[in-house]
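Per-entry structural report
The chain contents come next:
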Amino acid sequence: MGNSLKDIWDSKNEKYDSKTLKTIERLPMTVGEIADNYRQSDKKAADIQRLSDLCACPKDIIEEIISKELGADQLPPKRGRKKKESIPVEQEKTVPAKPSEKKVKEKISPYIMDAVEDKMDQVNSQLQELTRKLFVLQQEKEDLERVYREFVEFMETHEVRESRERNYELCRNSSK
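**Quick word on helix H5 (residues 59–70)**
Over its 12 residues, H5 runs 16 Å from end to end, which matches the ideal 16 Å to within 8%, given 1.5 Å per residue. Along H5, the residues classified as buried are Ile-61, Ile-62, Glu-63, Ile-65, Ile-66 and Leu-70. Among the structural elements, helix H2 (18–25), helix H3 (31–40) and helix H4 (44–55) are those in contact with the buried residues of H5. Just past H5, the residue Gly-71 takes up positive phi, approximately 110°.

So, in structure tokens, the structure goes:
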């Protein structure tokens, strides 16, 4: 029949030792996502650090994944390693952009965009909840202010009656 999912999983992960596999299982990104993200990046060395930060794992784990998924030759040379010989290319002089020119939007990884959108959704949800609570508190405040005004009116009316009754009593007592 075909390979079971377990067989596929086992054959795919034979290239990693058990310690690395345990670390990989806890990563927020799959091995394929890490490799694809790295493959699409322009700045390979910086991308290894960025992926390490995103996955909250050591750089050597990311380097091992890239090495085993894409090949060791895909890793940028480290200090002390010899660089591949390349043909020197004349560099163009870059002219600083004028302030009036529009800035080109930087391409952002879909994984980062997903993380940002998730955070935006979370913040939006919290904002809606706080807005709802604020509305309830405003309603309660209005109710309490109404009750307070009624109480003040009652007290003013009650004081007036008491003072009238006292005056009436004083007048009655003085007339005797």
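**Let's talk about the nonpolar core**
One finds Leu-27, Ile-34, Cys-55, Ile-62, Ile-65 and Ile-66 to be the most contacted residues of the largest nonpolar core, which totals 19 residues. Mapped by element, the contributors of at least two residues to this core are H2, H3, H4 and H5. With 5 residues, H5 is the largest single contributor of residues to this core. Apart from the residues lying within four places of it in its own chain, the contact partners of Ile-62 are Ile-34, Ile-48, Leu-51, Ser-52, Cys-55 and Cys-57.

**A word on the packing of H4 against H5**
Contact pair H4 / H5: the axes reach a minimum separation of 8 Å and the direction vectors enclose 115°. Between H4 and H5, the angle is such that the two are roughly perpendicular. Seen from above, H4 lies across H5 with right-handed handedness. For the pair H4 and H5, the contacting residues are Ile-48, Gln-49, Leu-51, Ser-52 and Cys-55 in the first and Lys-59, Ile-62, Glu-63 and Ile-66 in the second. Counted by class, the contact of H4 with H5 contains 5 nonpolar, 2 polar and 2 charged residues.

**Some remarks on the environment of Leu-70**
Mapped onto the fold, Leu-70 is located in helix H5. Between the C-alpha atom of Leu-70 and that of Gly-32, which follows or precedes it by 38 residues, the distance is 9.9 Å. Those residues within four positions of Leu-70 in sequence are excluded, and the remaining contacts are Ala-35, Tyr-38, Arg-39 and Ile-65.

Calculation criteria
Residues numbered from 1 in each chain as written. Predicted model: local features only at pLDDT ≥ 70, side-chain atom pairs only at ≥ 80, totals over all residues. Heavy atoms only, no water. Helix = DSSP H or I, 4+ residues; strand = E, 2+ residues; numbered from the N terminus. Expected span 1.5 Å × (residues − 1). Buried < 20%, exposed > 50% of the residue type's maximum accessible area, 1.4 Å probe, protein only. Contact = heavy atoms within 4.5 Å. Core = buried A, V, L, I, M, F, W, Y, C linked by side-chain atoms within 4.5 Å. Axes fitted to C-alpha atoms, helices over the stretch in contact; angles between N-to-C directions. Parallel < 35°, antiparallel > 145°, perpendicular 65-115°, else oblique. Left-handed = near helix turned anticlockwise from the far one by under 90°. Nonpolar A, V, L, I, M, F, W, Y, C, P; charged D, E, K, R; others polar.

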